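# What the coordinates show
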Amino acid sequence: MTVPDDYPVADIDLGALRHNFSRVKSLAGRARVMSVIKADAYGHGMQQVATTLRDSDAFAVARLEEGIALRRQGIVQPIVLLEGVSNSGDLVLAAENRLSPVFHHPSQIAMAEQTALTTPLTFCWMMVDSGMHRLGIRPQQAEAMRARLAACPHLVGDIGLMSHFANSDLVGDARNQAQLDHMLALKQTSGVEICLANSAAVMTMSHAHQDWVRPGLMLYGISPFDDRSAEAMDLRPVMQLRSRLIAVYDLYRGEQLGYGGDWIAPRDTRVGVASIGYGDGYSRHLSNKASVWINDRLARIIGRVSMDTICIDLNDIAEAAIGDPVLLWGSAQLPVEALARHAGTIPYELVTVVCGRVRRNYIDG
Ligand SMILES: *Cc1c(COP(=O)(O)O)cnc(C)c1O
């Protein structure tokens, strides 16, 4: 049977994923690892990533639906719901699916006190606002709130304390230490386990590792730092986004290209059209800025990114032809971190928004 040679495609290198996980393990030492696989594992495919990272001590997702999907796929490890749940029915569902909600707001704690559960909740966490001021209980209230949770008969085992760094990508920033100090003090008073370190802290704040680390981005081989490459930290990119040229033609000097005509050929120009666009999750903010990799060379995007296509300056790649592969990101020459800078965003966003229209092709080599 012949299958269509479909593109664009996101190759997902499961060997690289395992390598990055082993980097987490060796950095984390005795701390246990909660692998963050929310948002479809940052666009890499939650199910395959969870199956591949089976040595994780736990997984973390944002929402109840994600946790239930993982259970249906047969994942057996503890699964933490970083946003917790917001009504009693969802708390019952979480318990029935053996999911572990994070309690980040007093209203969730009151709800837990008032909800009768037939299945107990285990491995629950409380989010402390140690300085980010997004979600969490203030440190001053943390001990009282934790005690209330611990008194709920259907919450079994210790309630761990979690917090999240606002600036861990700024290495040495004093605010990181201030956040950690709040958590260390709470650990002393309560005697329960704490969990703070996201990827940046796993890599640069070993004193923040403590009982559990909680990395996401580094598992996917991407650097959270502006000034340190993934390669320099021995992380391997997991996703390679690629497509093909579907047209090649010549423009005459002075002719406009694409929507708005804001690219005008400064000289006669060989143009290639690749099948990928913002309808695939390739950011329109890359218009006129990013490069792609064709026939072992970088080539510039010219004109605006359309829904299904981009145009590429092929003047220096005269031999490029219809059908030639085009790499959008995921190699040493074209790291997704560099594209994120061009797009004025972070690499988290670029990989996470790759759409369902782009097939994930799992490679295990
Ligand atoms: C997404 C997330 C993480 C993972 O952060 P990375 O920077 O991707 O390592 C950890 N903790 C919380 C609460 C998160 O929302």
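Here, every reference points to the structure presented above.
Quick notes on the rules
- Residues numbered from 1 in each chain as written.
- Predicted model: local features only at pLDDT ≥ 70, side-chain atom pairs only at ≥ 80, totals over all residues.
- Heavy atoms only, no water.
- Helix = DSSP H or I, 4+ residues; strand = E, 2+ residues; numbered from the N terminus.
- Contact = heavy atoms within 4.5 Å.
- Areas by Shrake-Rupley, 256 points an atom, 1.4 Å probe, with all protein chains shown as cover.
- Lys, Arg positive; Asp, Glu negative; His and termini not counted.
- Charge placed at Lys NZ, Arg CZ, Asp CG, Glu CD.
- Near = heavy atom within 4 Å.
- Polar contact = N/O pair within 3.5 Å; in protein donor to acceptor, adjacent residues only side chain to side chain.
- 1 Å grid on protein atoms, 1.4 Å probe; cavity = no way out; pocket = protein on both sides within 12 Å on 5 of 7 lines; lining within 4 Å.
- Sits in = over half its atoms within 2 Å of the grid points.
- Nonpolar A, V, L, I, M, F, W, Y, C, P; charged D, E, K, R; others polar.
- Points joined across faces, edges and corners; volume = space filled by probe spheres on them.

When its secondary structure is counted, the chain shows 11 helices and 20 strands. When its C-alpha atoms are laid out on the principal axes, the chain stretches across 75 × 50 × 40 Å. Taking all contacts inside the chain whose residues are at least 6 apart in sequence as the whole, residues at least 24 apart take part in 63%. Per element, the accessible surface of the chain, about 16100 Å² overall, is 50% carbon and sulfur. Averaging the coordinates of the 34 positive side-chain charges in the chain and doing the same for the 39 negative ones gives two points 2 Å apart.

Here the focus is the site of the ligand. Neighbouring the ligand are 13 residues, the closest being K38, Y42, S199, L217 and Y348. In the model, an oxygen atom of the ligand is placed 2.5 Å from a nitrogen or oxygen of the K38 side chain. The contact in question runs from an oxygen atom of the ligand to an N or O atom on the side chain of S199, over 2.5 Å. In isolation the ligand exposes 390 Å². Once the protein is present, 92% of that is buried. Using a 2 Å cut-off from the grid points, one finds that the ligand occupies the largest pocket. The residue inventory of the shell around the ligand, partitioned by class, reads 6 nonpolar, 4 polar and 3 charged.

Below, the discussion takes up unusual backbone geometry. Here the phi dihedral of F123 falls at roughly 55 degrees; this positive angle occurs in a residue that is not glycine. Residue position: F123 is located in the loop between β6 (121-122) and β7 (125-127). Of note, the phi angle at Q210 is positive, near 55 degrees, even though the residue is not glycine. Looking at the secondary structure, you find Q210 in the loop between α9 (199-204) and β11 (212-213).

Of the volumes computed, that of the largest pocket is approximately 980 Å³. Considering the residues around the largest pocket, the lining is formed by 40 residues, among which K38, Y42, R134, H164 and Y348 are closest to the centre. Elements supplying a minimum of two residues to the lining of the largest pocket: α2 (38-43), α9, α10 (336-343) and α11 (347-352). Class assignment of the residues belonging to the lining of the largest pocket gives a composition of 21 nonpolar, 9 polar and 10 charged. Of the volumes computed, that of the second largest pocket is approximately 310 Å³. As for the second largest pocket, its lining consists of 25 residues, of which A230, E231, S331, P335 and E337 are closest to the centre. Per-element accounting of the lining of the second largest pocket gives the leading share, 4 residues, to α10. For the lining of the second largest pocket, the residue count by class is 14 nonpolar, 6 polar and 5 charged.

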